[in-house]
Amino acid sequence: MTLPPDPRTHLASGTTRAVLRIQHRILDTVRAHLTGLGFTELLPPIIGPVTDPGARGAKQVDVDYYGHRYKLMTSAILYKQAALFAFDKIFFIAPNIRLEPLETAHTGRHLAEFHQIDVEVAGASRSDILELLESLVSRVIEQTLHAEAAALGELGRDSAVLGKALLSPFGRRTHGEAVDRLRQLGHDQSSDAEIDWQGEVLLAAEAEQPFLITDYPKGSRGFYDRESEQLPGFLRNFDLIAPEGYGELCSGSERENDYRKIVTRIRETGENPAKYEWYLKAAREGIPASAGFGIGLERLTRYIAGLDSVWQASAYPKVPGVPSP
Ligand code: AMP
Ligand code: MG
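Residues numbered from 1 in each chain as written. Chains lettered and ligands numbered in written order. Predicted model: local features only at pLDDT ≥ 70, side-chain atom pairs only at ≥ 80, totals over all residues. Heavy atoms only, no water.

Colleague: Please clarify how the overall build of the protein should be interpreted in this entry.
Modeller: Across its full length, the protein carries eleven helices and eleven strands. Relative to the globule expectation of 20 Å for 325 residues, the C-alpha radius of gyration of the protein, 19 Å, shows essentially globular dimensions. Overall, the protein is about 55 × 50 × 40 Å in size when its C-alpha atoms are taken along their principal axes. Out of the 325 residues in the protein, the part that is buried amounts to 52%. At a minimum sequence separation of 6, the contacts of the protein that also span at least 24 residues come to 70%. With an accessible surface of roughly 14500 Å², the protein has 52% of that area assigned to carbon and sulfur atoms. Each charge class in the protein was averaged separately, 36 positive and 44 negative side chains, and the resulting centres sit 2 Å apart. (Helix = DSSP H or I, 4+ residues; strand = E, 2+ residues; numbered from the N terminus. Rg over C-alpha atoms; globule rule 2.2 N^0.38 Å. Buried < 20%, exposed > 50% of the residue type's maximum accessible area, 1.4 Å probe, protein only. Contact = heavy atoms within 4.5 Å. Areas by Shrake-Rupley, 256 points an atom, 1.4 Å probe, with all protein chains shown as cover. Lys, Arg positive; Asp, Glu negative; His and termini not counted. Charge placed at Lys NZ, Arg CZ, Asp CG, Glu CD.)

Colleague: I would appreciate a short explanation of empty space enclosed by the protein in the present structure.
Modeller: Rolling a probe over the atoms, with the probe sized like a water molecule, indicates the empty space that remains. Within this structure, the stated rule accounts for one cavity of 30 Å³ or more. Of all the elements in the fold, those that place two or more residues in the lining of the largest cavity are α3 (77-83), β6 (113-122), β10 (247-254), β11 (290-296) and α11 (297-305). Top contributing element to the lining of the largest cavity by residue count: β10, with five residues. Among the residues making up the lining of the largest cavity, the classes are represented as eleven nonpolar, ten polar and 14 charged. (1 Å grid on protein atoms, 1.4 Å probe; cavity = no way out; pocket = protein on both sides within 12 Å on 5 of 7 lines; lining within 4 Å. Points joined across faces, edges and corners; volume = space filled by probe spheres on them. Nonpolar A, V, L, I, M, F, W, Y, C, P; charged D, E, K, R; others polar.)

Colleague: Even after reading the chapter, I still don't get the environment of Gln230, so can you show me in this structure?
Modeller: Examined against the element boundaries, Gln230 turns out to sit in the loop between β8 (211-214) and β9 (237-242). Looking at Gln230, the relative accessible area reads 65%, which means it is exposed. As for Gln230 and Gln23, which are separated by 207 residues in sequence, their C-alpha atoms are 40 Å apart.

Colleague: Honestly, helix α2 (residues 14-36) in this entry has me stumped. Any pointers?
Modeller: Residues spaced three or four apart along an α-helix face the same direction, because each turn holds 3.6 residues. Between its first and last C-alpha atoms α2 spans 33 Å; for 23 residues at 1.5 Å apiece the expected length is 33 Å, and the two agree. Regarding α2, the residues found buried are Thr16, Ala18, Val19, Ile22, Gln23, Ile26, Leu27, Thr29, Val30, His33 and Leu34. Gly38 sits one or two residues past α2 and shows a positive phi near 90°. (Expected span 1.5 Å × (residues − 1).)

Colleague: I'm lost on the packing of aromatic side chains in this one. Help?
Modeller: In this description, a pair of aromatic rings is defined by centroid distance and the angle of the planes. Here the structure, examined in full by the defined rule, presents eight aromatic pairs. Residues Tyr65 and Tyr70 carry aromatic rings whose centres are separated by 4.3 Å and whose planes lie at 25° to one another, so their mutual orientation is stacked. For Tyr65, a relative accessible area of 33% puts it in the partly exposed group. When the ring of Phe223 is compared with that of Tyr224, the centres are 5.4 Å apart and the planes differ by 70°; the resulting orientation is edge-to-face. Residue classification places Phe223 among the buried positions, given a relative accessible area of 1%. Given the relative accessible area of 9%, Tyr224 is considered buried. By the ring-pair criterion, three or more aromatic residues cluster together here, those being Tyr79, Phe223, Tyr224, Tyr276, Trp278 and Tyr279. Sitting above the plane of the Phe211 ring, Arg173 keeps its charged end 5.4 Å from the centroid. When the ring centre of Tyr216 is taken as origin, the NZ or CZ atom of Arg221, which lies over that ring, is 4.3 Å away. (Phe/Tyr/Trp six-rings, centres within 6.5 Å; stacked < 30°, edge-to-face > 60°. Lys NZ or Arg CZ within 6 Å of the ring centre and 35° of its normal.)

Colleague: When you look at the packing of helix α7 (residues 175-184) against helix α8 (residues 197-205) in this model, what are you seeing that I'm missing?
Modeller: Each packed pair of helices is defined by two parameters, the angle between the axes and the distance between the axes. Close contact between α7 and α8 brings their axes to 10 Å; oriented N to C, the two are set at 85°. The angle between the axes of α7 and α8 places the two elements in the roughly perpendicular class. Contacts between α7 and α8 pair Ala178, Arg181 and Leu182 from the former with Gly199, Leu202 and Leu203 from the latter. Of the residues belonging to the contact of α7 with α8, the class tally is four nonpolar, one polar and one charged. (Axes fitted to C-alpha atoms, helices over the stretch in contact; angles between N-to-C directions. Parallel < 35°, antiparallel > 145°, perpendicular 65-115°, else oblique.)

Colleague: Quick question: what am I supposed to make of unusual backbone geometry here?
Modeller: As a rule of thumb, non-glycine residues mostly have phi less than zero, and peptide bonds are mostly trans rather than cis. One non-glycine residue, Asp215, lies in the positive phi region at around 60°. Mapping Asp215 onto the fold places it in the loop between β8 and β9. Despite not being glycine, Glu244 has its phi angle at roughly 55°, a positive value. In this fold, Glu244 is placed in the loop between β9 and β10.

Colleague: What's the story with the sheet that holds strand β1 (residues 40-41) in this structure? I'm lost.
Modeller: By definition, the strands of a sheet pair up through backbone hydrogen bonds, in either a parallel or an antiparallel sense. What the eight strands build is an open sheet, ordered β1-β5-β6-β11-β10-β9-β8-β7; its pairing is mixed. Because the sheet does not close on itself, it has two edges, and the strands there are β1 and β7 (171-174). As judged from the four bridges shared by β7 and β8, these two strands associate in the parallel manner. Pairing of Thr174 across the sheet is with Thr214, part of β8. (Pairing = 2+ DSSP bridges.)

Take a look at the structure:
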């Protein structure tokens, strides 16, 4: 896997310009689509006393905030839920910092600095939010094929292959079914954990269309994903996986909003609930039930543009472990 060149070489290249035009189109389409559906865009926080603990294997970054130890956001999930005090349908285009393990420098899918298209809807069920996710991703692909044909052509992206995403509804399988399939393929995937990076690629390589994996086991994800009442031990959550070997694009869920269950779930992950003081105070007073998702913007750009590596989808790429401007 190649690494980013210096900023001038990277930014002045025809490839980067084509990619960034596509990324601009993606952002423009996301904003138009969600605004048309009555969403309000909010600007996300960059620092806070706590951040999402659910990021697998990544280190958080501390900031000295007037003598208090604050964190750079690994994900604004807790703030999305709080945003529902203001509006029922919100989104952020949110920067995230995750010091990912060094071995991720060569997955082609990890950056230490990236952005999420972060969406949350009060009162939504998993099926409501999946319908929104599918309509949003389909709209983005359709609009890019239509309006960025020249940029896709410059990058050598075959529009017929990308266009397959639009031919039928996204497929769906449970986490258990995905684990079974990976074991059939000879991959030793744990049934208690998220699908690992190699597993994601294997499943993605078999697909021509984005597809969903649902019902991850409790313990594999953050405390804010709601546990199923019908299937205790499993979560009302999902991932969207891009086809052609590209892998995970998005994670989402129905959220837990019962104060006592949240505290229990935080304890189960071995964390001290006192860290989450502001969030737990809000939960005790009543956070709206909701569902939402976060799409990795650079990962979505990589898939749509057909890029070898996700760093090509960033103007100022930070590959884990690689000192960069
Ligand atoms: P997560 O909360 O870990 O599921 O992250 C939400 C989404 O952000 C994922 O589905 C990815 O699309 C994207 N993402 C997560 N980690 C990274 C990373 N290190 N680099 C680029 N994109 C990422
Ligand atoms: Mg995820």
